[in-house]
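Here are the chains, one letter per residue:
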Amino acid sequence: MNPIPVPDTYNYIGVFLTLACTLDCPYCINRFGALCGDRSPLTGRQWVALLNRLEGRDDLPVTLQGGEPTMHPDFYYIVTHLRQDLPLDLLTNLQFDVKEFMSRIKPERFTRNAPYASIRVSYHPGSMDLEILAQKVLLMQRAGYSIGIWGILHPAQEKRVLAAAEYCRALGIDFRIKEFLGIYEGRLFGTYTYPEACSGQVERKVRCRTSELLVGPDGGVYRCHRDLYEGRLVIGTLADPCFQVAEVFRDCTAFGKCNPCDVKLKTNRHQVFGHTSVRIEFAWHQEDMARGTMRG
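This text gives an overview of the structure that appears in the document. (Residues numbered from 1 in each chain as written. Predicted model: local features only at pLDDT ≥ 70, side-chain atom pairs only at ≥ 80, totals over all residues. Heavy atoms only, no water.)

Moving on, we come to the overall build of the protein. On a plain count of helices and strands, the protein comes out with eight helices and 18 strands. A compact globule built from 296 residues should have a C-alpha radius of gyration of about 19 Å, and the protein, at 20 Å, falls within 12% of that. Taking the principal axes of the C-alpha coordinates as reference, the protein spans close to 70 × 50 × 35 Å. When each of the 296 residues of the protein is scored for burial, the buried share is 49%. Summarising the internal contacts of the protein: among those between residues at least 6 apart in sequence, 78% fall at separations of at least 24. For the protein, the exposed area adds up to about 14200 Å²; of that, 51% sits on carbon and sulfur atoms. Of the side-chain charges in the protein, 35 are positive and 33 negative, and the distance between the mean point of each set is 2 Å. (Helix = DSSP H or I, 4+ residues; strand = E, 2+ residues; numbered from the N terminus. Rg over C-alpha atoms; globule rule 2.2 N^0.38 Å. Buried < 20%, exposed > 50% of the residue type's maximum accessible area, 1.4 Å probe, protein only. Contact = heavy atoms within 4.5 Å. Areas by Shrake-Rupley, 256 points an atom, 1.4 Å probe, with all protein chains shown as cover. Lys, Arg positive; Asp, Glu negative; His and termini not counted. Charge placed at Lys NZ, Arg CZ, Asp CG, Glu CD.)

Now the structure itself:
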């Protein structure tokens, strides 16, 4: 199959090995809309064959995630058989045997020159023990793994997350805080480039262009997180021998029911603030421009 170059304008490669998870957090961003987790995941051999087609850059890793990516039955096979020149990051809740992980995967596999950890652990106060989590992270950190913890500043857990950050930082753990994205007690939380996109109340026709390559558990490529989580509107598949990443605007009629991940204002992969994953063009704007051109 042909190689798949990733455009220089792309900021992220997200590979969702599985949407299954060991936790069931009520505020999970995967469940902002409907979650379709029934898709049959690829085998380890299939993932390796397809992901090895990607031609990225040193500063643009393939980020393995989910769900909880380590729940994929062939997780270790995938990590150890991907091309060594293909940089990898890992998003995980670390609810697994870290000693087994360390015995099978060397620190260098998830270590690169970046302003943040390659293994990013999510902390969920209601679902895990902070002291146990911190000790796991310290064990891996001392062994040379690039690892840190990220906590979501959910309104109902703010004090616990801030206290966890102070506790972990005192131990020498890189603990970073992310704003909560979603709805709590009827209010939408988060900072967005397109605030109406997540309102759930407005549906209008727009055109979107993404800067992220998002791959679902079945190898399908999706234009946004909403489509990926809901299993709708696959725009291609890595299994297609001729598939190539296209930098194009695509029509959408579901603006207003976007997933916050796509429209939030955030830092890019270089930790520079001001990035948004998608660019949206509104139909009325295009029509007005056309009329203005005709008048001119």
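As a further point, take the environment of Phe189. Tracing the backbone shows Phe189 in strand β10 (residues 187-189). Overall, the relative accessible area of 17% leaves Phe189 in the buried class. The spacing of Phe189 and Pro155 is 34 residues in sequence and 9.0 Å in space, taken between C-alpha atoms. Discounting chain neighbours no more than four positions away, the residues touching Phe189 are Pro155, Phe180, Leu181, Gly182 and Tyr184.

Here helix α4 (residues 130-142) crosses helix α5 (residues 158-170) at 35°, and the two axes come no closer than 11 Å. Along this stretch, α4 crosses α5, giving a crossing that reads as right-handed. Residues Leu130, Glu131 and Ala134 of α4 form the contact with α5, whose participating residues are Ala164, Tyr167 and Cys168. The residue makeup of the contact of α4 with α5, split by class, is five nonpolar, no polar and one charged. (Axes fitted to C-alpha atoms, helices over the stretch in contact; angles between N-to-C directions. Left-handed = near helix turned anticlockwise from the far one by under 90°. Nonpolar A, V, L, I, M, F, W, Y, C, P; charged D, E, K, R; others polar.)

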